[in-house]
Each structure stands twice: as C-alpha cells, then as structure tokens.
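Summary of the model geometry
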Amino acid sequence: MAASSDLNIDHVAQLARLALTPREKAEFSQQLAEVLHHSEQLGKADVSMIEPTAHAFPIFNIWGGDEPRPGLPVEQALQNAPQQRLNMVVVPRVVE
Amino acid sequence: MRSEPFFHTIAELAALLDAGKLSSVELTKAVVARTKAVDARVKAFNSYDEDDALAQAAASDARRSTGQVRGLLEGIPVGLKDVISVANQPLTASSRMLANFISPYDATVTQRLKRAGAVLWGRLNLDEFAMGSSTENSAFGPTHNPWDLSRVPGGSSGGSAAALAAGEAVATLGSDTGGSIRQPAALCGVVGLKPSYGLVSRYGLIAFASSLDQIGPLTRTVEDASIMLGVIAGHDPFDSTSCQTEVPDYRAALAEKRGPWRIGIPQEYFGEGLDPEVGAAVEQAIAFYRSRQCVIKEVSLPHTQYCLDTYYIIATAEASSNLARYDGIRYGHRTAEAVDVGELYCKSRAEGFGAEVKRRIILGTYVLSSGYYDAYYLRAQKVRTLIRRDFLNAYQDVDALLTPTSPVPAFTLGEKTNPLAMYLCDIYTIGANLAGLPAISVPCGFTGGGLPIGLQLIGQPFREAELLPIAHCYEQAHDWHTAHPKL
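Residues numbered from 1 in each chain as written. Chains lettered and ligands numbered in written order. Predicted model: local features only at pLDDT ≥ 70, side-chain atom pairs only at ≥ 80, totals over all residues. Heavy atoms only, no water.

Residue and element names in this part refer to chain B. Summed over the entire model, instances satisfying the criterion amount to 23 aromatic pairs over all chains. Relative to Phe7, the ring of Phe6 lies with its centre 5.2 Å away and its plane at 65°, an arrangement referred to as edge-to-face. What links up through ring pairs into an aromatic cluster is the set Phe101, Phe129, Tyr326, Tyr331 and Phe353. The residue whose ring lies beneath Lys416 is Phe411, and the NZ or CZ to ring-centre distance is 4.8 Å. (Phe/Tyr/Trp six-rings, centres within 6.5 Å; stacked < 30°, edge-to-face > 60°. Lys NZ or Arg CZ within 6 Å of the ring centre and 35° of its normal.)

Structure (structure tokens):
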C-alpha cells in the first residue's frame, strides 16, 4: 500500500475539479490521512490469484435494439439548465 | 389495531379501504395533518405537495368506486427519499447543488408505485447525496429522531425512517449503499429492507456508488415490506444491472414458510465496539430462534475486518466518478463568478457540494488516480471478492445470518465529528452491499433510555422470499414494532 502521506491535496482537488479553501485542504488532508491509514490494513489480505469484483453478480454486456423511440422533449431536457438560449445550454467561451 | 390511521400498516389500511371504512382522501388528510403537526420538530421532509397528494388520493378513491383498484398500494401515502425521481417534483439529494432541480421524468420505482395505486407523498431528507450515517450532512438541516429529538435518526435515509416512525407516511422508500436503509430503520424502530443488488431498478435514482446502491422499502412490518418489494422488484430494461429474475409473491411466502431455519451467527459481528444493550437485545433474539427449534450455528466471515476499508475505497471511487456530472453546465448549481469554463467547474462544485461530499470526492479521486489505482482501488476490488466468498461459503451451512444492524443506538446530534468514527456506524451493514445480498433490519427492543434497537438478518442472493419469513416469524412473536414515539 502507498503511504497515506502521499495524498497531494492540490493535485487531487485539481483532478476532481474542486476549488477547495485553504482550511478545507488542511482539514481534509488530516482527516483523509486517518482514513487512508486505517485502510492500510488491506495490505494484510492475501489477494494473490484473486480476481477483482466489480459487481456482486457477474453482469455481461447488455444489448439494446437499435430502434428509435421517443426521448425527452427539448424543453424538458433543458428545464434545469442554469442558462439557455435558442434550445442550447449557454457556457463561457471555450475556444478563443 | 393501532388507533390513528397514520400508524396503521399497509395491510390494515388496505383492508379498511377495501371495506369502505376509510377513503384515501381521509387517510391522506390524516397523514398531511400529522406531518403539519410534527414535522417542525422531526424535520423529515425537504418538501411536500399537499394539493398534489390530495388530488392523487381523490383519483384513487374514484378508481376504487368504479372497481378499478390498481393494486395493494391503492390509496396508500408512500414517502420517497429525495434521491428518487418523481416527474415534475423537486429532486435535491439534500444538496445545494440540486436545490432548484425538478425531475423531468419518473424513476422506475416511482412508475411502479403509481401503477400500484400509491399516493406519492413528499420528498424525504437524507445525508447529502446519501453520504452519511446520521442525516446531519443535509444541506437543509438535520432530521431528528422521533424517539428522542436530540438524537439522529441514522442515515442516509434518515428522513424516510423518521417520517415513518413519526406517522408522517404509511411506508417510505430509501436507498442503501452501505446500510442507508437498515441503519436508520434500526435507529428509528421500523423495518428496513435492502434487496439483492439487481432486484430493484436503479433507473431514476441519483447515483452514489453504482455497484452498491439499491432502493428498498421502510415499513412498519415485515408484511408491509413484502408488499412494497413485490411492487418495486423486477427487471427493467432501463437499468442494465437489473436482473432477469422471477418476482415471487413475497407476502404469500410469509404464511407458507414457517421454519425451522438454520441461522448463522458471524462471530466477527459481536466484538469490540458493540453497545452492551444492543448486544443483549440481539442475544435475546437468538434465544428466540433457538426456542423455535432453529439450528443456531456460529460461523466465521474471516475477511470482515476488511469490509469498512474496502467499502470506503470502492464507494468513494464510484462516487467521485458519478458526481463528476455535476459541473454547473447542463443542470445544478452554477457559480456566478467564473471567467472561463475550468473555473466554472471548480467553483460551481465548490459552492454546490457540502463538506462530506467533497471529502469523499477527494478520497475517491485519489484512490483512482495514476500511481494509486492498483494499491487502493484494484486491491479493494480483490478483497471484495474474498468478502463475497465468505458469505457464500457461510450459506452452505445456514439459511441466513443474524447480526445487530448498528453497533450503537441513536447517538446525539453533533456527537460524531470525526469522519472515521461516523464510518464505523456502518460496520455491520456494508458486507451485504459488497456481496450484493438482501438484508433486513427488524425492531428487536429498546435501550433503558427508550431508544429502538434493530436486528439484522442477511439472506442469500435473490432469496428474499426465504429471508422475509425468518424476520416475520420473530416480529410476530414480539410487539416491538407496535410501539410509537410520543411527539
């Protein structure tokens, strides 16, 4: 297991696209170090030759028929958009 | 028979409605009046729509008068945790992120409740995005335990459990990722059932940890849980993890299956950290089953010590991925202070999410990040295999496992400030989620201080029809479930 002090809060917050305050950074670093320290005991489990479990029951690919069916009307799909214009979501300029 | 209609069971109310001794409008009005009388103290609801509920009740009465009863829930007010979509109603997940969100469509369980004639009643409080064990993480304030208003109702489905215990609904739906139905059910003195993973569709449920989440009922009795499960269970093409499995008549199974059963007691669940009063109540339940000629067998689930860490790595990893969708673009909170799209993501999420959600996103992002994935996430998935095997091995000798639901009764609001201490509340419930098993919490007594205690029975995959009768047998021989809090 990696050492719990490895958690670089600035890097992880950037990966998670979360703007944290200095206070949150300090608090989470300390609390999560404790949680990660607790989890180090997982290193004691013998997992050699053990397959990972992603779901409790084996699930295979589920295929759907390639058939058109009604979806959400545009007004409903956009009803929760923070900003919209001409049936589109408005966002800050992405490309200069 | 309980005196007030809002404390009756579904089964009792269905009989009264059938006999014409009560109308759905009368019943719904009684539930609404009760909610108005007590919810300022309990705070179980994020919102409710009285006019809409009464209109549904009137429509139900009209159907009944013309012989078009839809099903067992016809006219019964059922509350929904505020992570389950109801078309044109709010859906907040108790988060500022979704404070103004309106569901564009129904969850599959909502559709099924409607098809069974239920009156959908209110949006119930929870820990934000179902992350917590006390309902204190709600952005709209904590729910209070109806048995002692200074204490938590458990969580994350604390609103669902408290509303039911307080008579503000006849039954409710919750969701359970690590114990979020069973633990609040135990702390509020009601029945809570987490079905097998894949039995109930997750379509329209706000995702927390997709390989663990299941919707399930909270009810006054095991019989009511059987009725509710029969309505919501079954394959759904809109959920690719929903199983093609037969849905038996769970209620009929209660009368048909009377034991005796082989019941396993996992020794790892009775160690350090278990409150003595909880332990004593559960021991008495074991003695009851023994008195009913059940074979009581001590079993071992040797990887139990790894459950908590495995759970918090897998659940936070999945949560960090699922909650990436809340970026302030298409729906949810958007910051007013961003100059570019990158800043818009970071600030919208910072303003929209509460502390526990941020903490879990950070942890989940970390355990999935380059260089740490194998050490944490992949290893946790492998340990999950071992945990699941432990359970399946135990079921070679026993029909069900019996444990406490929660190591402690309801604790005081604000008592647990350390995240790890809060995570330990789930120690007995997360195994069933990791292994995908059905599990039910049933009231099994009270502490000296009058706080409810819950007993957990964990069954075999998709054998709810075998598990529910075991719980029913205990419940019917006791009267814990007939007690109500004084509010």
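Moving on from the model shown.
It is worth spelling out the domain arrangement of chain B at this point. All names here are of chain B. Domain boundaries assigned for chain B yield domain 1 (5–264 + 397–482) and domain 2 (305–382). The straight-line distance from the C-alpha centre of domain 1 to that of domain 2 is 27 Å. Of the residues lining the interface, 27 residues belong to domain 1; the matching set on domain 2 comes to 26 residues. The contact between domain 1 and domain 2 buries some 2,400 Å² in all, and 68% of this surface belongs to carbon and sulfur atoms. (Domains from an automatic or database assignment. Contact = heavy atoms within 4.5 Å. Buried area = accessible area lost by both parts, 1.4 Å probe.)

The interface of chain B with chain A comprises 66 residues on the first partner and 55 residues on the second. The junction of chain B with chain A conceals about 5,300 Å² of combined surface from both sides, 67% of it contributed by carbon and sulfur atoms. There are one salt bridge connecting chain B and chain A. We note a salt bridge from Lys358(B) to Glu24(A), for which the minimum N-O separation is 2.8 Å. There are 25 residue pairs in polar contact (both at pLDDT 80 or more) connecting chain B and chain A. Going through the elements one at a time, helix 10 (307–322), helix 11 (341–352), helix 12 (355–368), helix 13 (374–394), helix 14 (419–423) and helix 15 (430–435) of chain B are the ones with two or more residues in the side of chain B that touches chain A. Broken down by element, the side of chain B that touches chain A gets its largest block of residues, 13 residues, from helix 13 of chain B. (Salt bridge = Lys/Arg side-chain N within 4 Å of Asp/Glu carboxyl O. Polar contact = N/O pair within 3.5 Å; in protein donor to acceptor, adjacent residues only side chain to side chain. Helix = DSSP H or I, 4+ residues; strand = E, 2+ residues; numbered from the N terminus.)

Before going further, it helps to spend a moment on a nonpolar patch on the surface. Taken together, the side chains of Val91(A), Val94(A) and Val95(A) define a hydrophobic patch exposed on the protein surface, amounting to about 270 Å² of accessible area. When you line up the elements, Val91(A) lands in the segment after strand 2 (88–89). (Patch = residues over 30% accessible without salt bridge, like charges linked within 9 Å, V, L, I, M, F, W, Y side chains within 5 Å. Areas by Shrake-Rupley, 256 points an atom, 1.4 Å probe, with all protein chains shown as cover.)

Side chains bearing opposite charge may pair, as long as their charged atoms lie close to each other. With the rule as written, the count across this model stands at 17 salt bridges over all chains. A salt bridge links Asp106(B) to Lys114(B); the nearest nitrogen and oxygen atoms lie 2.7 Å apart.

All names here are of chain B. Note on placement: Leu392 falls in helix 13. In this structure Leu392 comes out as partly exposed when scored by relative accessible area, which is 32%. Residues Leu392 and Gln460, 68 residues apart in the sequence, show an inter-C-alpha distance of 7.8 Å. (Buried < 20%, exposed > 50% of the residue type's maximum accessible area, 1.4 Å probe, protein only.)

Confidence in the prediction for chain A averages 90 pLDDT; 95% of positions are at 70 or higher. Per-residue pLDDT, averaged within each element of chain A, yields its smallest value for helix 3 (residues 74–78) of chain A (93) and its largest for helix 1 (residues 9–15) of chain A (97). (pLDDT = per-residue confidence, 0-100.)

Summarising the element assignment, His8(B) is placed in the segment before helix 1 (10–18). Separated by 56 residues in sequence, His8(B) and Arg64(B) have C-alpha atoms that sit 20 Å apart.

This part takes up the side chain of Ser211(B). With respect to the helices, strands and loops of the structure, Ser211(B) is situated in the loop between strand 5 (191–194) and strand 6 (214–219). At 2.9 Å, the side chain of Ser211(B) and the side chain of Arg384(B) are in polar contact.

Residues and elements named next belong to chain B. Counting buried positions along strand 11 (residues 452–458) yields seven of seven residues, so the element is predominantly enclosed. Burial along strand 11 is two-sided: Pro452, Gly454, Gln456 and Ile458 facing one way and Ile453, Leu455 and Leu457 facing the other are all buried. Bridging between strand 10 (residues 439–446) and strand 11 involves seven bridges; their strand directions are antiparallel. When the sheet's bridge partners are listed, Ser441 is paired in strand 11 with Gln456. Connecting strand 10 to the antiparallel partner strand 11 that follows it, the hairpin turn spans five residues, and Gly450 within it adopts a positive phi of roughly 85°. (Pairing = 2+ DSSP bridges.)

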